[in-house]
Amino acid sequence: DSARAPETMMRRVPSSARRAAARALSTRAIESTLSKVSTEEAKRATTALKGKTNEAKALHDKWVREPLPLDFSAWKAKVRFSGAAVQALEAKFADLEAALPNDTFSVDAELAAKRAEIIALVEDTVSAAQEELAVLRSDLVTWQQSSVTMNTLTGEVAARQPEEAAQIQEEIKQHKWDV
């Protein structure tokens, strides 16, 4: 069984399953996800997934295709010892074709519910992360505005920290120069 070529093994997979897998691995879906990702680590992971997806699609395009129909009439002419053998093989082949499933792929209700639950959890996590990111950005702006650099004037520091400025002025009035 393991010695078979990939195209004969893929023949057993219903075409609807192949189409569903191709849709799940679409580059457009990954690009959409990549545009929503903000951290470098997540971008690297998503880009790696995109590379693996492209590799899988290349293998899919290489190996998965409909088998060519057998020309039994040509084989009957070529086989000299017995045309009956070709007829017997043709009958076996027809039975085999009838036994193969045809597009029976469907998603189990439990799996669909689990998928919906996971998607809802991810959406909640993303919205919570976005809210936290907005708070962090606000804190960053506040911190940047209140930070003291070598170009900051003493009047600006006094305006930003009035309690400290009042304490310093009081110490100056009382001539307290020790630290």
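Because the structure is a prediction, the values reported are computed rather than measured.

### Notes on the overall build of the chain
Move 1: From N to C terminus, the chain includes 9 helices and 0 strands.
Move 2: Counted from the first residue to the last, the chain has its helices and strands arranged as α-α-α-α-α-α-α-α-α.
Move 3: Counting across all 179 residues of the chain, residues that qualify as buried make up 8%.
Move 4: Considering only contacts in the chain between residues 6 or more positions apart, those separated by 24 or more positions represent 42%.
Move 5: Put simply, the chain shows about 15100 Å² of open surface, and 59% of that area lies on carbon and sulfur atoms.

### A look at helix 9 (residues 162–173)
Every α-helix carries 3.6 residues per turn, so stepping three or four residues along brings you back to the same face.
Move 1: Here helix 9 contains 12 residues, and its C-alpha end-to-end distance of 16 Å stays within 8% of the 16 Å for a straight helix at 1.5 Å per residue.
Move 2: H175 sits one or two positions beyond helix 9 and adopts a positive phi of about 55°.

### Examining a nonpolar patch on the surface
Move 1: On the surface, I118, V122 and V126 cluster together to form a nonpolar patch covering roughly 240 Å² of accessible area.
Move 2: You can see V122 is positioned in helix 7 (residues 109–146).

### Let's talk about helix 7
Move 1: Helix length check: helix 7, at 38 residues, gives a terminal C-alpha distance of 55 Å against a target of 56 Å (1.5 Å per residue), a fit within 8%.
Move 2: At the N-terminal boundary of helix 7, the capping side chain belongs to D108, with an oxygen 2.9 Å from the backbone nitrogen of E110.

### Considering the confidence of the model for the chain
Move 1: Chain-level statistics for the chain give a pLDDT mean of 78 and a share of 77% at 70 or above.
Move 2: Considering each helix and strand of the chain separately, the mean pLDDT is smallest for helix 1 (residues 6–10), with a value of 46, and largest for helix 7, with 91.
Move 3: Contacts of residues 1–11 to residues separated by more than four positions or lying in other chains number 11 contacts, the stretch itself having pLDDT below 50.

### Some remarks on unusual backbone geometry
Only a minority of non-glycine residues have a phi that is not negative, and only a minority of peptide bonds are not trans.
Move 1: One non-glycine residue, H175, lies in positive phi territory at about 55°.
Move 2: For H175, the location among the structural elements is in the segment after helix 9.

### Let's talk about the side chain of T152
Move 1: Along the chain, T152 falls in the loop between helix 7 and helix 8 (154–160).
Move 2: For T152, a relative accessible area of 17% translates into the label buried.
Move 3: Look past the residues within four positions of T152 in its chain and what remains in contact with it is S147, V157 and R160.

### Focus: the environment of T47
Move 1: Counting through the fold element by element, T47 comes out in helix 4 (residues 40–63).
Move 2: Along the primary structure T47 and L34 are separated by 13 residues, whereas in three dimensions their C-alpha atoms are 7.5 Å apart.

### Digging into the environment of L34
Move 1: Tracing the chain through its elements places L34 in helix 3 (residues 27–36).
Move 2: In the structure, L34 is positioned 10 residues away from R44 in sequence and 9.3 Å away in space, judged by C-alpha atoms.
Move 3: Discounting residues that sit within four places of it in the chain, L34 has contacts with K43, T46 and T47.

### Details of the environment of V148
Move 1: Along the chain, V148 falls in the loop between helix 7 and helix 8.
Move 2: Sequence separation of V148 and R160 is 12 residues, and the distance between their C-alpha atoms is 9.8 Å.

The rules we used
Residues numbered from 1 in each chain as written. Predicted model: local features only at pLDDT ≥ 70, side-chain atom pairs only at ≥ 80, totals over all residues. Heavy atoms only, no water. Helix = DSSP H or I, 4+ residues; strand = E, 2+ residues; numbered from the N terminus. Buried < 20%, exposed > 50% of the residue type's maximum accessible area, 1.4 Å probe, protein only. Contact = heavy atoms within 4.5 Å. Areas by Shrake-Rupley, 256 points an atom, 1.4 Å probe, with all protein chains shown as cover. Expected span 1.5 Å × (residues − 1). Patch = residues over 30% accessible without salt bridge, like charges linked within 9 Å, V, L, I, M, F, W, Y side chains within 5 Å. Salt bridge = Lys/Arg side-chain N within 4 Å of Asp/Glu carboxyl O. Polar contact = N/O pair within 3.5 Å; in protein donor to acceptor, adjacent residues only side chain to side chain. pLDDT = per-residue confidence, 0-100.

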